[in-house]
Amino acid sequence: MSTQATLLAIDDEPAVLAIVVQFARRFGITVVTRTDARAALAELRGLKPDAVMVDLMMPDINGLDVLRAILEIDPRCQTILMTGQPSIDTAIEAVKLGALDYISKPFDLTRLGGLFTGICKGIERRERLLKADADVARTFAFCGMIGRSPAMQDLFDGVRRFAPHVRTLLVTGETGTGKELVAHALHAVGPRADRRFVTVNCSAVVETLFESELFGHQRGAFTGATGTKVGLFEHADKGTLFLDEIGELPLAIQAKLLRAVENGEVQRVGSLETKRVDVTVIAATNRDLRAEAAKGRFRSDLYYRLSVMEIRLVPLRERREDIPYLSAVFLREVTERLKRPLIGLSTAAERMLLEAPWPGNVRELRNVIERACLLSDGKMLDERDIVTAMPPQTGAPEHPALTESVPPAGASTWDPAFLSNAQRTQVEQALRQSGGNKAAAARLLGISRRSMFRWIKRMDL
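Residues numbered from 1 in each chain as written. Predicted model: local features only at pLDDT ≥ 70, side-chain atom pairs only at ≥ 80, totals over all residues. Heavy atoms only, no water.

Caption draft 1: Here's a closer look at the pattern of salt bridges. Enumeration over the complete set of coordinates arrives at 23 salt bridges. Here R68 and D65 are joined by a salt bridge, their closest N and O atoms 2.8 Å apart. Here R68 pairs with D65, and both are found in helix 3 (residues 63-73), just three residues apart, close to one helical turn. Owing to a relative accessible area of 37%, D65 belongs among the partly exposed residues under this scheme. The residue D301 makes a salt bridge to R299 at a minimum N-O spacing of 2.7 Å. For D301, a relative accessible area of 32% puts it in the partly exposed group. Each of the salt bridges in this network shares a partner with another, and the network as a whole consists of E248, R287, E292 and R297. (Salt bridge = Lys/Arg side-chain N within 4 Å of Asp/Glu carboxyl O. Helix = DSSP H or I, 4+ residues; strand = E, 2+ residues; numbered from the N terminus. Buried < 20%, exposed > 50% of the residue type's maximum accessible area, 1.4 Å probe, protein only.)

Printed below as a string of structure tokens:
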């Protein structure tokens, strides 16, 4: 097994704990022992065990109450109740609460061995499934893009069809959908794969320098032009020029760009001569250029020239079936790079990723996975890790874990008894991670500082 299982054993009898430790070692299980149940519960979030064995009859607390608390703190944790006074009713109650099993003392080692084997195999099975997801995802990869959804398969087919013939092409889609990856794919699959691929971000170039950047300039053409400069069109000759965020291009430059695209001619600033270039031009934007052209903010003739061929990218929320595969690949990449011992995502974490709106699309998903890996102190990313890593959404309610609880009629809105355990957990975790800095904790949770103070007061922290 690549990841060793961790078992937390709670019993007020040291002799029982010694037997558990000795026997669990045969299965490669690391055992953490505690004789104080309340202290063990306080440490549970930090220990993050794969399984817990707890005695039913503890001096200060009932084992069933401990079981309830464990499952509230960490629902994925497998629990085994042990007792020297077995009863059918207690066994049924334990299983109803979510216990893996109920075992009596003195232990039937054959049965206990079966439970330990099941715990280890469960972790192994989880690891295999996660590895399989990542491996399957790679089989659906195409030039750095991942997707088995119909929309992505259509995209891959479109790239293969267009690449051999494309001279100008427009890629449209929301932020974070992978427009630059599509441009790289078109270049890599096309006949100019061994030539230069030159990228220019139109939103990052100073407006007064656009013409010089694209077409070059002669020495002395303007103040500061101390030498002759080759423009990006000339630099990309016989290759591909990728114009990202083309919608940001100033109108004054669009006419010259149109001439370069249509006639393959560029003229350096300060020069009377034109130069011939042979460049494949791929433009990308998250704007509706047709609407921009109708409003006079983008040249319609340039729009029609660029969009002879157009590829529209589907947002992530419309191809949610790709999220598990993307998550598996991102998680593997991040854990390998950061050398973190994370084996995957819990079921609750996967469900949260599937249900999120993803306004930032694939880029946002990657960022959330990376932040969660950095914040997590366990073996598996759980719901709390994902919630903490999620950025606040524009126009969305505050952090999803901090939505208001609705108390029964007549109850006080500020009664901590009616707060969900998940809410309290998130606030406490954020405070721990920020070293008690309330403003930093508020940023982690994606809420305002005032809201953070309100939640601290409400939870009586």
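There's more to say after this.
Caption draft 2: Examining the packing of aromatic side chains more closely. Under the counting rule described, the total for this entry stands at eight aromatic pairs. Where F140 meets Y325, the ring centres are 6.2 Å apart and the plane angle is 65°; that geometry is what we call edge-to-face. Linking F140 in the loop between helix 5 (109-139) and strand 6 (141-142) with Y325 in helix 13 (residues 323-338), this pair joins segments that are 185 residues apart in sequence. By relative accessible area, Y325 is classed as buried at 15%. Between R161 and the ring centre of F162, over which it is positioned, the NZ or CZ distance is 5.6 Å. (Phe/Tyr/Trp six-rings, centres within 6.5 Å; stacked < 30°, edge-to-face > 60°. Lys NZ or Arg CZ within 6 Å of the ring centre and 35° of its normal.)

Caption draft 3: Structural context of the sheet that holds strand 15 (residues 280-285). One open sheet holds the five strands; their spatial order is 9-12-15-8-16, and the pairing between them is parallel. The open sheet terminates on both sides in strands that have one partner only, identified here as strand 9 (197-201) and strand 16 (310-312). Strand-to-strand, the axes of this sheet are offset by a mean angle of 15°, without reference to chain direction. Bridge analysis of strand 8 (residues 168-172) against strand 16 gives three bridges, and the strand direction is parallel. Its bridge partner being in strand 16, T172 is matched across the sheet by R312. (Pairing = 2+ DSSP bridges. Axes fitted to C-alpha atoms, helices over the stretch in contact; angles between N-to-C directions.)

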